[in-house]
Amino acid sequence: MPVPWFLLSLALGRNPVVLSLERVVGPQDTARCSPGLSCHLWDGDVLCLPGSLVSAPGPVLVPTRLQTELVLRCHEETDCDLCVRVAVHLAVHGYWEDPEDEEKFRRAADPELEEPRNASLQAHIVLSFQAYPTAHCVLLEVQVPAALVQPGQSVGSIVFDCFEAALGAEVQIWSYTQPRYQKELNLTQQLPDCRGLEVQDNIQSCWALPWLNVSADGEDVRLVLDVSEEQHFGLSLYWNQDQGPIKPWWHSNLTGPQTITLNHTDLVPCLCIQVWPLEPDSVRTSICPFREDPRAHRNLWRAARLHLLPSRGWRLDAPCSLPAEATLCWQALDGGPCLPLVPPLPRENVTVNKVLEFPLRKGHPNVCVQVSTWEKLQMQECLWADSLGPLKDDMLLVETRGPQDNGSLCALEPSGCTPLLSRASTVRDGGGGLLISPSSPFILLDIHQRWALVWLACLLLAAVLFLLLLLKMNPVKGWLRLLKENIRAGAASRSRAALLLYSADDASFERLVGALASALCQLPLRVAVDLWSRRDLSAQGALAWFHAQRRQTLQEGGVVVLLFSPGAVALCREWLQDATSAPRAHGPHDAFAASLSCVLPDFLQGRAPGRYVGAYFDKLLPADAVPALFRSVPVFSLPSQLPDFLGILQGPAAPRSRRLAERAEQVSRALQPALDSCFRPPGALGTGRGMGPEAGVRT
């Protein structure tokens, strides 16, 4: 029984009458223009070089629009080639800078003068034509009488006959003036092949072309190739994907005539058919007849597959492009619909056969991917079920963060997200931990037992009652107040991060930086310095390492410390004062040199205060040697200003002044041996670059 879904009689028979073309006789190119204009076609090709934009000295002629028309250039009655006729519409652009120049121009064209001069506006118009693999440019000269020159007004057009091109080719056309006063116009056009024109009797390359009919054959599709006996031709079936190159599916060299049957399950919207005679430089004919076929679209979704890749990646494989979106959901063990995440992840347009990435820290068997069109859900896959086992009887907790870093918790259920009492009930590990990256607007966690919510509520209630009991006891109140103060100070200091940037002037200075970093870690502060990350520097490169450390430090409310030395000052001056010279080579681990490309814009654009702090060592650098640009942030002399320096590093929760002075004394004692090694007598430094006042500041 015939299938009513599709019947293709595609006007692809032996006489496809679609469009009749005008004939142009003779091999010579010509140019003609609108009445009132005069034009001339220069002989020979010109170089296709637009040149740079220049300012118009006054009113000038410029092209404003391109139009094309297909014609046949015939050498004999049945020996023609396809040719592209191009019309360039022109207008006057710009104004006279000096009114006197305009007046002189008008007078020269005044017919009442005894001897009027033929004043006109002249332009040289270039037409560039490209059809792979050839390019061809012509130069047209056009003159407009002064009477027609009105700034901003169209003056007519000039028509060029014509650029020869191959059937089915894609052509690109540009137009601009010499000299060039504006951005060039461009036009891209796909030329028809032998099927779309009434040309098979006039263009010899179409005579031997295999003609193709596509029709339904029950459940399947039949390709009938109307080819003379013993004629050899090629047949190719391919997937014409919008994203990326075409993908060949089947190819064969055949002898006509032929009838080929395609299984209905092989049909997809991007399946195309190409036929051509097996002759040198033959014309190929392509059709894609299944683009609007409903069954082909259903087959496409059946063939699509979701794949989970290492390191949170995934890919949707399909033969054709899919107009679809993907998002994440949570599938409970007891069945029911997959619950969208609250708040929902932003939907992503799917690019098939391309690796994408989920905003997940880790996988979970209950997290699934939904791919849908605007009409309906097309597919759902729980990608982690194979690697992490079957669905679990877990509950999803959603933590939402507000703009003031305030948060709330809710439990995702079929009826919605049920709010919980307090953020204190969050279980952060042992039961699965964080699922979503902190860069997302929410954090997901899972708890392995549903009864855990009841236990959490009970524990919270017991903790509140215990605190109330303690507050009734006066002797305990003072102890609690001190404990609270110490915990706040300790937590704040532990959470404070510091990134040290310095120039590796020599080995003794590196030892001094290492001693400072080690001493700061005892405060405690979390210190990052390239001395302790040489392996990461080698793997990532100095610039990438610095960007990652700077972003993490500032996101956590930390501070970037610039340690100035003679070498660091010289590098800064190199960037600020001598940007035209070639940069000097630096060591592979010199994070300071690499970081200047990011640090300097922060200072130049006023983003540095609150993020950066400067420091230098008393006897290694004069106080006025630090460039003025960097004094928009606090700059401290070490070790004499250590208390103030440590107070800035530890932030608002820094300890009281007496405790701060004790810590400064500890850091000073830790630095002293390394400082002494930087001030050896002259000659004791060997061949290294000297440190101390005698070394001066490199310029």
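Residues numbered from 1 in each chain as written. Predicted model: local features only at pLDDT ≥ 70, side-chain atom pairs only at ≥ 80, totals over all residues. Heavy atoms only, no water.

Draft legend 1. Examining the sheet that holds strand β10 (residues 185–190) more closely. As summarised here, the arrangement of the five strands in space is β3-β7-β6-β9-β10, forming an open sheet in which the pairing is antiparallel. The sheet terminates laterally at β3 (38–41) and β10, the two strands that pair on one side only. Taken pair by pair, the neighbouring strands of this sheet meet at an average axis angle of 20 degrees, ignoring direction. Direction of pairing for β3 relative to strand β7 (residues 134–145): antiparallel, over a ladder of four bridges. Within β7, the position partnered with His40 by the bridge is Glu141. (Pairing = 2+ DSSP bridges. Helix = DSSP H or I, 4+ residues; strand = E, 2+ residues; numbered from the N terminus. Axes fitted to C-alpha atoms, helices over the stretch in contact; angles between N-to-C directions.)

Draft legend 2. Structural context of the environment of Leu72. With respect to the helices and strands, Leu72 occurs in strand β4 (residues 60–76). Residue classification places Leu72 among the buried positions, given a relative accessible area of 2%. Along the backbone, Leu72 and Glu22 are 50 residues apart, and their C-alpha atoms lie at a distance of 6.1 Å. (Buried < 20%, exposed > 50% of the residue type's maximum accessible area, 1.4 Å probe, protein only.)

Draft legend 3. Here's a closer look at the side chain of Asp161. Looking at where Asp161 falls in the secondary structure, it is placed in strand β8 (residues 154–164). Side-chain polar atoms of Asp161 contact the side chain of Arg32, separated by 3.0 Å. Within the local environment of Asp161, its side chain forms a polar contact with the side chain of Arg85, the two groups lying 2.5 Å apart. Ignoring any residue separated from it by four or fewer positions in sequence, one finds Asp161 in contact with Gln28, Asp29, Thr30, Arg32, Arg73 and Arg85. (Polar contact = N/O pair within 3.5 Å; in protein donor to acceptor, adjacent residues only side chain to side chain. Contact = heavy atoms within 4.5 Å.)

Draft legend 4. Representation of the environment of Pro192 within the structure. Relative to the helices and strands, Pro192 resides in the loop between β10 and β11 (211–217). Judged by its relative accessible area of 24%, Pro192 is partly exposed. Considering only alpha carbons, one finds Pro192 and Leu167, 25 residues apart in sequence, at a separation of 6.1 Å.

Draft legend 5. Summary view of the state of the cysteines. One pass over the structure, following the stated rule, counts seven disulfides. With its sulfur 1.9 Å from that of its partner, Cys270 forms a disulfide with Cys320. Negative torsions about the S-S bond denote left-handed disulfides, and the value of about -80 degrees found for Cys270 with Cys320 makes this one left-handed. Taken as a pair, Cys270 in the loop between β15 (258–262) and β16 (271–277) and Cys320 in the loop between β19 (313–317) and β20 (325–330) lie far apart in primary sequence, 50 residues in all. By relative accessible area, which is 2% here, Cys320 ends up buried. What pairs with Cys329 in a disulfide is Cys338, and their sulfur atoms sit 2.0 Å apart. Negative torsions about the S-S bond denote left-handed disulfides, and the value of about 95 degrees found for Cys329 with Cys338 makes this one right-handed. Here Cys329 matches Cys338 in class, with each residue buried. (Disulfide = S-S within 2.5 Å.)

Draft legend 6. Region of interest: the packing of helix α6 (residues 507–521) against helix α12 (residues 657–677). Here α6 crosses α12 at 175 degrees, and the two axes come no closer than 8 Å. Relative to α12, α6 is oriented roughly antiparallel. Mapping the contact onto sequence places Ser508, Arg511, Leu512, Ala515, Leu516 and Ala519 in α6 and Val667, Ala670, Leu671, Ala674, Leu675 and Ser677 in α12. When its residues are assigned to classes, the contact of α6 with α12 shows nine nonpolar, two polar and one charged. (Parallel < 35°, antiparallel > 145°, perpendicular 65-115°, else oblique. Nonpolar A, V, L, I, M, F, W, Y, C, P; charged D, E, K, R; others polar.)

Draft legend 7. Inspection of the pairing of strand β5 (residues 79–93) at higher detail. Summarising burial for β5: 12 of the 15 residues are buried, a large majority. With 15 bridges connecting them, β4 and β5 associate as antiparallel partners. Bridge pairing links Leu72 to Leu82 in β5. Counting the residues in the hairpin turn of β4 and β5 gives two residues. Direction of pairing for β5 relative to β8: antiparallel, over a ladder of eight bridges. Among the inter-strand pairings, Leu90 is bridged to a residue of β8, identified as Gly156.

Draft legend 8. Spatial organisation of helix α2 (residues 294–303). Restricting attention to buried positions, one finds in α2 the residues Arg295, Ala296, Asn299, Leu300 and Trp301. Where α2 is buried, its residues meet β24 (367–372) and β25 (377–381). At the N-terminal end of α2, a side-chain oxygen is found 3.2 Å from the backbone nitrogen of Arg295, two or three residues along, and the residue is Asp293.

Draft legend 9. Focus on the sheet that holds β16. Strand order in the open sheet formed by four strands is β14-β13-β16-β17, and the pairing between neighbours is antiparallel. Of all strands in the sheet, those with a lone pairing partner are β14 (247–255) and β17 (285–287), marking the two edges. Ignoring strand direction, the axes of neighbouring strands in this sheet form an average angle of 15 degrees. With three bridges connecting them, β16 and β17 associate as antiparallel partners. Paired with Gln274 across the two strands is Ser286, which belongs to β17.

Draft legend 10. Broad picture of the environment of Lys354. Mapped onto the elements, Lys354 comes out in the loop between β22 (348–349) and β23 (356–357). For Lys354, the contacting residues outside a window of four places in its chain are Trp314 and Arg315.

Draft legend 11. The nonpolar core, seen in detail. Core analysis: the biggest nonpolar cluster contains 49 residues, and Trp314, Leu316, Leu322 and Val371 have the highest contact counts within it. The greatest single-element share of this core, amounting to four residues, is contributed by strand β13 (residues 232–239). In this structure Trp314 touches Leu306, His307, Leu309, Ala326, Val350, Lys354, Val355, Leu356, Glu357, Phe358 and Leu383, once residues within four positions along its chain are discounted. Ranked by size, the runner-up nonpolar core spans 39 residues in total, among them Leu72, Val84, Leu127 and Ala165. (Core = buried A, V, L, I, M, F, W, Y, C linked by side-chain atoms within 4.5 Å.)

Draft legend 12. Looking closely at the pattern of salt bridges. The final tally for this structure, using the stated rule, is 13 salt bridges. The residue Glu22 makes a salt bridge to Arg85 at a minimum N-O spacing of 3.1 Å. Of this pair, Glu22 sits in strand β1 (residues 22–25) while Arg85 sits in strand β5, placing them 63 residues apart in sequence. Judged by its relative accessible area of 39%, Glu22 falls in the partly exposed class. Given a relative accessible area of 6%, Arg85 falls into the buried group. One network of salt bridges, in which partners are shared, links Glu22, Arg32, Glu69, Arg85 and Asp161. (Salt bridge = Lys/Arg side-chain N within 4 Å of Asp/Glu carboxyl O.)

Draft legend 13. Layout of the packing of helix α11 (residues 642–650) against α12. The interhelical angle for the contact between α11 and α12, taken along N-to-C directions, is 110 degrees, at an axis separation of 9 Å. Taken together, α11 and α12 sit at an angle that is classed as roughly perpendicular. In this structure, α11 contributes Leu642, Pro643, Leu646, Gly647 and Gln650 to the contact, and α12 contributes Leu660, Arg663, Ala664, Val667 and Ser668. The residue makeup of the contact of α11 with α12, split by class, is six nonpolar, three polar and one charged.

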